[in-house]
Amino acid sequence: MSTSIIIEGLVKQYAPGTQPAVDHVSLTINPGELFFLLGPSGCGKTTLLRMIAGFIDPTGGVIRFSTGPRDAGRDVTHLPPNQRNTGMVFQSYALWPHMTVFDNVAFGLTIRKIAKDEIRRRVTEALEMVQMAHLAERKPNALSGGQQQRVALARALVIRPDVLLLDEPLSNLDAKLRVDLRGEIRRICKSSGITTVYVTHDQKEALSMADSVAIMKLGQVMQLGGPGELYRAPKTKFVAEFLGETNFLPGTIVGATGPSRLTVQTPVGQLVSSHPAPEGAANGSPVLVSLRPEALRIGNASQTLGSSAGLTGTTTNELRGSVRESTYLGEISQHTIALTEQHLVKVAQLNPGLAGPVPNSAMTLSVHPDDVVLVRPDAPPTAARA
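If you're wondering where the values come from, they're calculated on a predicted model, not measured in any experiment.

Right, let's talk about the pairing of strand β19 (residues 344-350) for a bit. Two strands pair when backbone bridges link them, and strand β18 (residues 332-338) and β19 are joined in this way by seven bridges, in the antiparallel orientation. By the bridge assignment for β19, glutamine 334 is matched with alanine 348. The hairpin formed by β18 and β19 contains five residues between the paired strands.

Printed below as a string of structure tokens:
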């Protein structure tokens, strides 16, 4: 049975009076889940992972491992790492250079005094899972970076841990290999059924691999949810811009437009959103409107702009502007569109033609209400799921 991880009010403060590295974090990580801790350098994600592993002792709070809905959980808050049954994959791989691949993977079983026949069976099984059985007799220095990472993963899996912990395991690899290994690591983790916590600062890794993501800043969880939910419905300016490029327009909520739709007044006119108002916001409240570049659809304005820049007033969420610049990138083109002299937006056009728009030419943009996201720049961290 897979293990759930219950974290309640966890704190790590290295010196009195200083900003905690982890600041009262509460999370529940479900059994068998591939859970990501995502955030910029210094946000506390690696400290949190190492407290789960037992390498760092918390200042306050509780960590429990639970094996079922009726199990209150085993308190592991202050247990040493060797008593938690966790497997750890480090950023640096940490393979023994004088040992073969087989012996590296077998190391954890050997010190547990497992029978030799059982060691051979389990090591072979783990190497087959990561597609490295054919290189069992090689030394680590004869392997590529991606192969070494697979060996490190096999070594963590072979002990059959209750929890698997990965600390930026792909950060030392080149860009193409990182992309290739994303799917492999997800496949291995999900097929093993082991609850996995994965630390990264790479948004694409988290979005493409995770079941759930906790986005951290200054030791706190700013928002928690699935990749699609976080990308399409961020609650704060920080989350919206950390997960990918976006355009922000200042706005004010001016009322409802039909069921479940809000109208927001912006400097380029009114926009209709199907997203709820940020917590605590009401009519008259200031908000930020987040518009992803790929959500803005392009059409050609049929006449010069004059004073009609902004919403046309005839079509819901249709804007007019002029082209400032365009960059052709093959599969997409990136355009900068001036809605007014002070308000520029970036637009991503998929599969563009060879002839790009002419600078200073008129262009219309439209955006679906589902893609008009309202956030508060000063929103506090959201409560993590219980």
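Ordered in space as β13-β12-β11-β14-β21, the five strands form an open sheet in which the pairing is antiparallel. Each edge of the open sheet carries a strand with a single partner, namely β13 (269-273) and β21 (373-375). Neighbouring strand axes in the sheet, compared pairwise and without regard to direction, differ in orientation by 45 degrees on average. Here three bridges tie strand β14 (residues 286-291) to β21, and the two strands are oriented antiparallel to one another. Within the sheet, the bridge partner assigned to valine 289 lies in β21 and is leucine 374.

This part covers helix α5 (residues 175-192). Between the first and last C-alpha of α5 there are 26 Å, a value that for 18 residues agrees with the 26 Å anticipated at 1.5 Å per step. The largest bend in α5 is about 30 degrees, located at leucine 181. Of the positions making up α5, those classed as buried are Leu181, Arg182, Glu184, Ile185, Ile188 and Cys189. Buried residues along α5 sit against α3 (116-129), α4 (145-158), β7 (163-167), β8 (195-200) and α6 (203-209).

Rules and cut-offs
Residues numbered from 1 in each chain as written. Predicted model: local features only at pLDDT ≥ 70, side-chain atom pairs only at ≥ 80, totals over all residues. Heavy atoms only, no water. Pairing = 2+ DSSP bridges. Helix = DSSP H or I, 4+ residues; strand = E, 2+ residues; numbered from the N terminus. Axes fitted to C-alpha atoms, helices over the stretch in contact; angles between N-to-C directions. Expected span 1.5 Å × (residues − 1). Bend = angle between axes of the 7 residues up to and from the residue. Buried < 20%, exposed > 50% of the residue type's maximum accessible area, 1.4 Å probe, protein only. Contact = heavy atoms within 4.5 Å.

What is shown is where atoms sit, not what they do.
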